[in-house]
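# Descriptive structure summary
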Amino acid sequence: MTLLTVWKETDPSTPVLETTEESEIREALAELGARFSRWEVKDVATGASQDEVLALYADEIGEVKDREGYTLVDVVALDPAQADYDEVKTPFREKFLSEHAHDDDEDRYFAKGAGVFYLHANEKVHAVYCEAGDLISVPANTTHWFDMGTSPHYVSVRFFHDDDGWVGHFTGSPIAESFASFDQLAERRAQLA
């Protein structure tokens, strides 16, 4: 169950919107120029390679590439079963926790697990707790950050318009530290289920 929580940028304690309704999530994000949709979830095997994940979702990925003009697609995954998990999970998480923007849209499909995108726009912070089946697009130049939690476990497909892939321009703002974390939002989502 996807969860959208919206706060005023100056009040991280009181949500102005909290919803699990897909139509409300789509509408709220559309006001920011962000796209949100859902795909049918397919079984991604533990330890699946990038090629296996891309093949599993080849038709859906092809449609997005054709529609949006993406030229590079890759897979990012963290799994407690991987050999270097304890070494990489914290630095990997910290890389995305600070507010940043991209010159390109950031489209991401969650094939497995969950993560939270925080979009900072229009004097509000929109936290989208995404889970398997969710496709979200953060528009170019939208300040945002991403949290995968203290025990990340997910597989996601990323789309890019050029071969440089993920390039972040960090704002230096500490705003991300003030808002609910992935773990807190996961707990809230469980309460609402």
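Residues numbered from 1 in each chain as written. Predicted model: local features only at pLDDT ≥ 70, side-chain atom pairs only at ≥ 80, totals over all residues. Heavy atoms only, no water.

### Observations regarding helix 3 (residues 58-68)
Residues spaced three or four apart along an α-helix face the same direction, because each turn holds 3.6 residues. Put simply, the test is: Note on exposure labels: buried denotes an accessible area under 20% of the residue type's maximum, exposed denotes more than 50%, and partly exposed covers the range between, all computed with a 1.4 Å probe on protein chains only. Secondary structure is summarised from DSSP: a helix means a run of H or I of at least four residues, a strand means a run of E of at least two, and numbering begins at the N terminus for each. As used here, the arc belongs to the directions running from the helix axis to the C-beta atoms. When checking whether two residues touch, look at their non-hydrogen atoms; a contact exists if any pair is within 4.5 Å.
Buried residues of helix 3: Glu-60, Ile-61 and Val-64, and no others. End-on view of helix 3: buried residues confined to an arc of 100 degrees, all on one side of the axis. Exposed residues on helix 3 whose side chains face more than 90 degrees from its buried face are Asp-59, Glu-63 and Asp-66. Where the residues of helix 3 are buried, they touch helix 2 (50-56), strand 4 (72-78), strand 6 (106-121), strand 8 (134-138) and strand 10 (154-160). Phi turns positive, to about 80 degrees, at Gly-69, one or two residues after helix 3.

### Quick notes on the UniProt feature "binding site: Fe(2+)" (unreviewed entry) in the chain
For clarity, the cut-off: UniProt positions are given in the numbering used here, feature names are shortened, and annotations may be inferred rather than shown by experiment. Whenever a nitrogen or oxygen atom comes within 3.5 Å of another N or O atom, the pair is scored as a polar contact, on the condition that within protein one atom can donate a hydrogen and the other can accept it, and that pairs from neighbouring residues in sequence are kept only if both atoms are in side chains.
The UniProt record marks His-100, His-102, Glu-106 and His-144 with the feature "binding site: Fe(2+)" (unreviewed entry), using the residue numbering of this structure. Look at the named residues: they lie 45 residues apart in sequence, but the longest C-alpha span between them is just 11.6 Å, so in the fold they bunch up. Note on placement: His-102 falls in the loop between strand 5 (100-101) and strand 6. By secondary structure assignment, the location of Glu-106 is in strand 6. The buried category is assigned to Glu-106, whose relative accessible area is 6%. Of the polar contacts made by the side chain of Glu-106, one reaches the side chain of His-102; its length is 2.8 Å.

### Observations concerning the pairing of strand 1 (residues 3-8)
Walk down a regular strand and you will see the side chains alternate between the two sheet faces. Basically, it comes down to this: DSSP calls a pair of strands paired once it identifies at least 2 bridges connecting them.
For strand 1, a buried count of 5 out of 6 residues is recorded, marking the element as mostly surrounded by other parts of the structure. Taken together, the 4 bridges between strand 1 and strand 2 (residues 15-19) define a ladder with antiparallel strand orientation. The residue bridging Thr-5 from the neighbouring strand is Glu-18, located in strand 2. Linking strand 1 to strand 2, which pair antiparallel, is a turn of 6 residues.

### Structural notes on a negative patch on the surface
Note the following rule: Patch rule: a residue counts if its relative accessible area is over 30% and it has no salt bridge; like charges are joined within 9 Å, and nonpolar side chains (Val, Leu, Ile, Met, Phe, Trp, Tyr) within 5 Å. In this description, accessible areas are obtained by the Shrake-Rupley approach with a 1.4 Å probe, and a residue is regarded as covered only by the protein chains that are shown. We count a salt bridge whenever a side-chain nitrogen from Lys or Arg sits within 4 Å of a carboxyl oxygen from Asp or Glu. Positive charges come from Lys and Arg alone, negative charges from Asp and Glu alone, with His and the N- and C-terminal ends not counted. Working definition for charges: the position is that of NZ of Lys, CZ of Arg, CG of Asp or CD of Glu.
Among the surface-exposed residues, Glu-21, Glu-24, Glu-27 and Glu-31 lie close enough to one another that they form a single negatively charged patch. Locating Glu-31 in the fold gives a position in the loop between helix 1 (22-30) and strand 3 (35-38). Judged by relative accessible area, Glu-31 falls into the exposed class, the value being 62%.

### Structural notes on the packing of aromatic side chains
We count it as follows: Between rings of Phe, Tyr and Trp, where Trp is taken as its six-membered ring, a pair exists when centres lie within 6.5 Å; planes separated by under 30 degrees are stacked, by over 60 edge-to-face, and by other angles tilted. Whether a charge sits over a ring comes down to the Lys NZ or Arg CZ being within 6 Å of the ring centre and within 35 degrees of the ring normal.
Scanning all chains against the criterion turns up 14 aromatic pairs. A centroid spacing of 6.1 Å and a plane angle of 70 degrees characterise the contact between Phe-146 and Tyr-154, whose relative ring orientation is edge-to-face. In terms of burial, Phe-146 and Tyr-154 fall into one category: buried. Geometry around Phe-146 places Arg-108 over its ring, the cationic atom sitting 4.7 Å from the centre.

### Some details on the environment of Asp-79
Residue placement: Asp-79 occurs in the loop between strand 4 and helix 4 (85-96). For the pair formed by Asp-79 and Gly-47, sequence separation is 32 residues and the distance between their alpha carbons is 7.7 Å. A polar contact is formed between the side chain of Asp-79 and the backbone nitrogen of Ala-81, at a distance of 2.8 Å.

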